[in-house]
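# Coordinate inspection notes
In case you want the letters, here they are:
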Amino acid sequence: MLADVLLPVKSDRKIDVFAVSAILLFGSVVGAFAMYSHMDERLQQLEHDNSPQIIYMNGSASPGQGFTELFDSLDQSVVSVSALGEESSQGSGFVYSKEGHIVTNEHVIDDAERVKVTFTEGRSYDAEIIGMDPNSDLAVLKVDRNNLRPLDLGNISEVKVGQTAIAIGNPFGLRGTMTSGIISQKGRTLPTETGFSIPNVIQTDAAINPGNSGGPLLNAKGEVVGVNTAIESRTGTFSGIGFAIPVSQVKMVVPRMIEEESDVEYPWLGVSGYTVTPAIADAMNITEASGFLIVEVVDDSPAEEAGFVASNTTVEINGRDTLIGGDIIKAIDGRTVEGTGDVLTFLPRYHRPGEEINITVLRDGEEVDLPVVLGSRSSSAAGNVE
């Protein structure tokens, strides 16, 4: 199916919009392209265009007992982030460490010449950019302030559909705003401006709007379970579907940016494809509907050098032409691959560029082990799943 348009909103008053389109095949993202425009122009277009959109937020059932106390304990740990430059923008962030590290979205500050962090009581500080990672849409800032209270990080494995979800941020510049809802779903896949995708994204109905980008999505205990980044909308404002980068991505990326004081390098295999569905399994005469079907192997990539085979047969599935017949990735270094999300998760979590790993594929009904030396995304062609 065709994906909705992705629009990262980076400002509440003077809003710069980064639009990303992607193709979603059987629930997995395999490509993206991008363009810039201004939000006021986009909103005028929306009056005549009702197509769904996903808007990256630079801006959960009814509040229950204890929310007041929770807000009072967390309020000073959530900040407003202002990116100053030719196109100024505004978002949110939260305190990550006592040493002054602040987590926010990469798309909030990517064009900034200067960044300011403002706490709820009104004090503002110039912030140093420690690292930016467009592959996860996360960034780390640092301010010179003592006695900060970092938010506790939760565990993605404990996040369940139906649990309470709480967002705190600065929608439309309204500092210190709290909203609540539930975890609507887990395991969504969200494209980024790099052409690669963020796996295991959280979907929520907690209200988030322009200015919430980079702010925390919290559970009922006040632990961070995600970083608010986008909504799906036909109007440019919240319509019940929001997305947050999972806390597992924060735990993987942020410490590396702080320790190395640089951007994060991701391993690269050089394939694109999608999750094997029951319909694809039937078309390929295989019994198990799981794994990652390779539909493209990039020229001069690690996958090509290792001898991976891409799909070469087109069949009609559910009324659409679908490529089948390629290798199906079943395991990475012994870890079972159920689909696209596992490929996106396992490689950056457990491996680094230059490492040799073993990938098990299903080929012509038999499992084959392929050793491969991973490359780096920074030297790859954008638009590939991995």
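Residues numbered from 1 in each chain as written. Predicted model: local features only at pLDDT ≥ 70, side-chain atom pairs only at ≥ 80, totals over all residues. Heavy atoms only, no water.

### Quick notes on the overall build of the protein chain
On a plain count of helices and strands, the protein chain comes out with seven helices and 26 strands. With 386 residues in all, the protein chain has 55% of them scored as buried. Of the roughly 15900 Å² that the protein chain leaves accessible, carbon and sulfur atoms contribute 46%. (Helix = DSSP H or I, 4+ residues; strand = E, 2+ residues; numbered from the N terminus. Buried < 20%, exposed > 50% of the residue type's maximum accessible area, 1.4 Å probe, protein only. Areas by Shrake-Rupley, 256 points an atom, 1.4 Å probe, with all protein chains shown as cover.)

### A closer look at the sheet that holds strand β9 (residues 124-133)
Spatial strand order, β5-β6-β7-β10-β9-β8: six strands in a closed barrel with antiparallel pairing. Direction aside, the axes of adjacent strands within the sheet are offset by 40° on average. Helix-sheet contacts for helix α4 (residues 247-260) involve β7 (101-104), β9 and β10 (138-142), and the interaxial angle to β10 is about 45°. (Pairing = 2+ DSSP bridges. Axes fitted to C-alpha atoms, helices over the stretch in contact; angles between N-to-C directions. Contact = heavy atoms within 4.5 Å.)

### A short note on the side chain of Thr 360
For Thr 360, the position within the fold is in strand β24 (residues 356-363). Residue Thr 360 is classed as buried on the basis of its relative accessible area, which comes to 12%. Polar contacts involving the side chain of Thr 360 include one to the side chain of Asp 369, which spans 2.8 Å. Excluding residues within four positions of it along the chain, Thr 360 makes contact with Ile 328, Ile 329, Lys 330, Ala 331, Glu 367, Val 368 and Asp 369. (Polar contact = N/O pair within 3.5 Å; in protein donor to acceptor, adjacent residues only side chain to side chain.)

### Quick word on the nonpolar core
Among the nonpolar cores identified, the biggest contains 29 residues, and Leu 138, Leu 151, Ile 168, Leu 218, Val 227 and Val 253 are the most heavily contacted of them. The biggest single contributor to this core is α4, with five residues. Grouped together as the second largest cluster of nonpolar side chains are 20 residues, Ile 294, Ala 306, Val 361 and Val 372 included. (Core = buried A, V, L, I, M, F, W, Y, C linked by side-chain atoms within 4.5 Å.)

### Quick look at the packing of aromatic side chains
With the rule as written, the count across this model stands at two aromatic pairs. Taken together, a centroid distance of 5.8 Å and an interplanar angle of 90° make the contact between Phe 119 and Tyr 125 edge-to-face. Plain terms: the ring middles of Phe 346 and Tyr 350 are 6.0 Å apart, the flat faces sit at 55° to each other, and that makes the pair tilted. Taken as a pair, Phe 346 and Tyr 350 lie in helix α7 (residues 340-350) at a separation of four residues, close to a single helical turn. The exposure class of Phe 346 is buried, given its relative accessible area of 12%. (Phe/Tyr/Trp six-rings, centres within 6.5 Å; stacked < 30°, edge-to-face > 60°.)

### Digging into the pairing of strand β11 (residues 164-169)
Taking burial as the measure, the six residues of β11 include five buried ones, the bulk of the element. Pairing of β11 with strand β12 (residues 177-191) involves six bridges; the strand directions are antiparallel. Its bridge partner lying in β12, Ala 167 is registered against Thr 179. Two elements, β11 and strand β14 (residues 216-218), share two bridges in a ladder whose sense is antiparallel. Among the inter-strand pairings, Ile 166 is bridged to a residue of β14, identified as Leu 218.

### As for the confidence of the model for the protein chain
Interpretation of this model should avoid reading the predicted coordinates in detail wherever pLDDT is low. Overall, the predicted model of the protein chain reaches an average pLDDT of 83, with 80% of residues at or above 70. Predicted confidence for residues 1-52 stays below pLDDT 50, and this span has 148 contacts to residues more than four positions away or in other chains. (pLDDT = per-residue confidence, 0-100.)

### Topic: the environment of Gly 100
In this structure, Gly 100 sits in the loop between β6 (89-95) and β7. Classification of Gly 100 by relative accessible area gives buried; the value is 0%. With 43 residues separating them in the primary sequence, Gly 100 and Val 143 have C-alpha atoms 5.0 Å apart. If near-sequence neighbours (up to four positions away) are discounted, Gly 100 is found in contact with Leu 141, Lys 142, Val 143 and Leu 148.

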